[in-house]
There are 2 protein chains.
Amino acid sequence: MPEIEKLLDRKIGRAIFQYGMIQEGDRILAAVSGGKDSLSLLYHLLKKQRSFPIKFDLMAIHIKTEFRGGLDQMETLLKSWDAPYEFIEINMTGRLKPGRKMNCYWCSTQRRTELLQYAKENGYNKIALGHHMDDILETFIMNMAYKSELSTMLPVLQYDNYPHTVIRPLALVKEEEILKFADKMGIRSIVCDCGFDVKSKRKNVRKFLDDLADGEEFIKDNMYKAMSNPVSRYLPGVEARQQE
Amino acid sequence: MPEIEKLLDRKIGRAIFQYGMIQEGDRILAAVSGGKDSLSLLYHLLKKQRSFPIKFDLMAIHIKTEFRGGLDQMETLLKSWDAPYEFIEINMTGRLKPGRKMNCYWCSTQRRTELLQYAKENGYNKIALGHHMDDILETFIMNMAYKSELSTMLPVLQYDNYPHTVIRPLALVKEEEILKFADKMGIRSIVCDCGFDVKSKRKNVRKFLDDLADGEEFIKDNMYKAMSNPVSRYLPGVEARQQE
């Protein structure tokens, strides 16, 4: 087994264990967008399913929109992995209210709703998403900048309004590691060609994190750990507020 | 009064009020490095001293090392403002233990100790430092990256080991605003020419913050507010740890 596969194996195992992501009898939907992240995740979840002492169900699901082509390639991959999968087709543009413009946030909310609906109708209790450490750090910075909050995407999120749990088993894996793995395995991303992507700020944040971590493997790990280590005594106004 | 002076006036006033920085009878040392930040702060504290309904003492102090020249220029400025001031001369290189290399962190610790010592001997209870919002945000990111902590420099810091309080009245002022003000007032920075400055990571962080905020005045304000708004429910592992 290549070193990079072992590394992902270990980090995904650690996240599952540390955050208590999977329990006996879980029925898990792995959302695959066609990108390298979610496909790499699916590959490893399939492996864990075979090797874990506890039993869980796993199915891959892809929400098919008019914005992504090249699905044959993904189907070939899924078949070669013996992955149970389903494609759900939706017409994204048709769902848009008149006069509203398409954007990534809205589109991803639509897809998330579709996933939750499918999970509900088919008795799945967990949804595995392919967000990795870089996504989580990036969201932390974006939430600071646009929501005035110290908050981010959680490795495990229990919805308030749905009896479902979202898990992110790649939480401890860096994007760079996934790229290496995907490259080794010949996993190619199907990119979204909607043309509405204007996530330049996000890209800016990603580039900054890469620059900051440049050559120092531990930096992103430190930043990730920091998110579970708010020191209220050294955050302006927090202590004062807590005493109110 | 120029607009930019009014802006600093307002923001410094707000910080002093919001964080309860100054009380009747305080004896405050304003540390001036010779840079635009601390000189701009001194200018405004002198003004506040004249206009505030409460009385406080204020003296400027400069720790003079072998690394900064151009002090005449600063003295001229201090005199033109009628500022009481004192220069304390120390031989920084001479304090270095044999075999140790000079660095900014060590040098600033030495100067801080000297300030505290002077305050103690001369009955000052507060030390005003010229750190601004960008410094505080930068330190937040650096602490994430190198200390795995969500923490930063505080607007008001009560030392554990000294009966002194550090205040940072520029906490709500952006560097860009200080640059504009200093420019308007003809305040020129005396730069440190020690040659040991290797704060490239810090500069990297500063540049990123500027890029992120580019043209969007509210971004840094949002990030600053975020630091007093940790949402434990949306920070990985925090809730779990708090319940332990």
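Relative placement of two packed helices is described by the angle separating their axes and the distance separating the axes. At a minimum axis separation of 10 Å, helix H8 (residues 200–213) of chain A and helix H8 (residues 200–213) of chain B run at an interaxial angle of 180°. Here H8(A) lies roughly antiparallel to H8(B), going by the angle between them. Residues Lys201(A), Asn204(A), Val205(A), Phe208(A), Asp211(A) and Leu212(A) of H8(A) form the contact with H8(B), whose participating residues are Lys201(B), Asn204(B), Val205(B), Phe208(B), Asp211(B) and Leu212(B). Residues of the contact of H8(A) with H8(B), tallied by class, amount to 6 nonpolar, 2 polar and 4 charged.

Residues and elements named next belong to chain B. Even without being a glycine, aspartate 82 presents a positive backbone phi close to 60°. Secondary-structure assignment places aspartate 82 in the loop between helix H3 (71–80) and strand E3 (85–89). Owing to 8 C-beta atoms within 10 Å, aspartate 82 belongs among the exposed residues under this scheme. In this model, serine 148 sits at a positive phi of 50°, which is unusual for a non-glycine residue. Within the secondary structure, serine 148 sits in the loop between helix H6 (133–147) and strand E5 (156–158).

Turning our eyes to something else, we now look at the sheet that holds strand E5 (residues 156–158) of chain A. Residues and elements named next belong to chain A. Ordered by their spatial adjacency, 6 strands build an open sheet running E3-E2-E1-E4-E6-E5, and the pairing between neighbours is mixed. Because the sheet does not close on itself, it has two edges, and the strands there are strand E3 (85–89) and E5. Each neighbouring strand pair of the sheet contributes to a mean axis angle of 25°, computed without reference to strand direction. As defined by bridge partners, E5 adjoins strand E6 (residues 165–167) across 3 bridges and the pair is classed as antiparallel. Its bridge partner being in E6, valine 156 is matched across the sheet by isoleucine 167.

Right, let's get into the interface of chain B and chain A. With 32 residues of chain B in contact, the opposing surface of chain A contributes 32 residues. Elements that contribute at least two residues to the side of chain B that touches chain A include exactly H6, H8, helix H9 (218–226) and helix H10 (238–243) of chain B. With 6 residues, the single largest contributor to the side of chain B that touches chain A is H8(B). Residue composition of the side of chain B that touches chain A, by class: 19 nonpolar, 8 polar and 5 charged.

The next point concerns the confidence of the model for chain A. For chain A, the average pLDDT comes to 90, and 96% of its residues sit at 70 or higher. Taken together, the chains of this predicted complex give a pTM of 0.90 and an interface ipTM of 0.88.

On to the packing of helix H6 (residues 133–147) of chain A against helix H9 (residues 218–226) of chain A. All names here are of chain A. Look at H6 against H9: their axes get within 10 Å of each other, and the N-to-C directions meet at 55°. One finds that H6 runs oblique with respect to H9. Crossing of H6 over H9 shows left-handed handedness. Mapping the contact onto sequence places Met133, Ile136 and Leu137 in H6 and Lys220, Met223 and Tyr224 in H9. Of the residues that constitute the contact of H6 with H9, the class distribution is 5 nonpolar, no polar and 1 charged.

What follows concerns the relation of the copies chain B and chain A. The two copies are related by a screw operation: chain B maps onto chain A through 180° of rotation and 0.0 Å of translation along the axis, at an RMSD of 0.0 Å. The symmetry that links the two subunits is that of a two-fold axis. Proximity to the rotation axis, assessed at the C-alpha, singles out Phe208(B) in chain B; its C-alpha lies 3.1 Å from the axis. When the interface residues of chain B are mapped onto chain A, 100% of them again lie at the interface, so the same face is used by both copies.

All names here are of chain B. Every buried residue of helix H7 (residues 175–185) is accounted for by Glu175, Ile178 and Phe181. Summarising the axial view, the buried residues of H7 lie within an arc of 120°, below the 170-degree limit, and thus occupy one face. In H7, the exposed residues that point more than 90 degrees away from the buried face are Asp183 and Lys184. In this structure, the buried residues of H7 make contact with helix H1 (3–18), helix H2 (36–51) and H6. Following H7 by one or two positions, glycine 186 adopts a phi angle in the positive range, close to 65°.

Cut-offs applied
- Residues numbered from 1 in each chain as written.
- Chains lettered and ligands numbered in written order.
- Predicted model: local features only at pLDDT ≥ 70, side-chain atom pairs only at ≥ 80, totals over all residues.
- Axes fitted to C-alpha atoms, helices over the stretch in contact; angles between N-to-C directions.
- Helix = DSSP H or I, 4+ residues; strand = E, 2+ residues; numbered from the N terminus.
- Parallel < 35°, antiparallel > 145°, perpendicular 65-115°, else oblique.
- Contact = placed C-beta atoms within 7 Å.
- Nonpolar A, V, L, I, M, F, W, Y, C, P; charged D, E, K, R; others polar.
- Buried ≥ 20, exposed ≤ 12 C-beta atoms within 10 Å, placed from the backbone.
- Pairing = 2+ DSSP bridges.
- pLDDT = per-residue confidence, 0-100.
- Left-handed = near helix turned anticlockwise from the far one by under 90°.
- Least-squares fit on C-alpha atoms with pLDDT ≥ 70 in both.
- Arc of directions from axis to C-beta.

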